[in-house]
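Fold and geometry: a report
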Amino acid sequence: MFYCRAFSAQIELFSPARSRELFIRSFMHRLADLNHNISRLSAGGADLTQRLEPTSSPEFNAIINSFNGVIGYLQDMLRQVGESAHAITSASHQIATGN
């Protein structure tokens, strides 16, 4: 009789409904963490040196890697804009002084 109860409890613990509930809770928790981290980055004064940290979830890591890629692209683009602005300033200064 004891084994039957233990077996019955195991079945209840790993029932499809319980498994779905645990999956959804885990998914929602990870999604909330991702949202929190993206919000933290966007509220950080647009610090493009920050990146999201990987998780144990391959699906969320794919999103994180894509997001980090976009941030890296923006960081590189703004660096190039800054370098171009510096070159234009330098050239205009040389033109203004007659060099």
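Conventions adopted
Residues numbered from 1 in each chain as written. Predicted model: local features only at pLDDT ≥ 70, side-chain atom pairs only at ≥ 80, totals over all residues. Heavy atoms only, no water. Core = buried A, V, L, I, M, F, W, Y, C linked by side-chain atoms within 4.5 Å. Buried < 20%, exposed > 50% of the residue type's maximum accessible area, 1.4 Å probe, protein only. Helix = DSSP H or I, 4+ residues; strand = E, 2+ residues; numbered from the N terminus. Contact = heavy atoms within 4.5 Å. Polar contact = N/O pair within 3.5 Å; in protein donor to acceptor, adjacent residues only side chain to side chain. Salt bridge = Lys/Arg side-chain N within 4 Å of Asp/Glu carboxyl O. pLDDT = per-residue confidence, 0-100.

1. Description of the nonpolar core
Leu34, Leu41, Leu52, Phe60 and Ile64 together form the largest nonpolar core, which totals 5 residues. Elements represented by at least two residues in this core include exactly helix 2 (16-42) and helix 3 (58-96). In this structure Leu34 touches Leu52, Phe60, Ile63 and Ile64, once residues within four positions along its chain are discounted.

2. Quick notes on the side chain of Asn61
Mapped onto the fold, Asn61 is located in helix 3. There is a polar contact of 2.6 Å between the side chain of Asn61 and the backbone nitrogen of Thr55. Non-local contacts of Asn61, meaning those with residues more than four positions away in its chain, are made with Pro54 and Thr55.

3. So, the pattern of salt bridges
All chains considered together, the criterion is met by 4 salt bridges. Between Asp76 and Arg79 there is a salt bridge, and its shortest N-O distance comes to 2.4 Å. You can see Asp76 and its partner Arg79 sitting in helix 3, 3 residues apart, about one turn around the helix. Judged by its relative accessible area of 40%, Arg79 falls in the partly exposed class.

4. With respect to the confidence of the model for the chain
When the pLDDT values of the chain are averaged, the result is 81; 82% of them are 70 or greater. For the chain, the element scoring lowest by mean pLDDT is helix 1 (residues 2-13), at 48; helix 3 scores highest, at 92.

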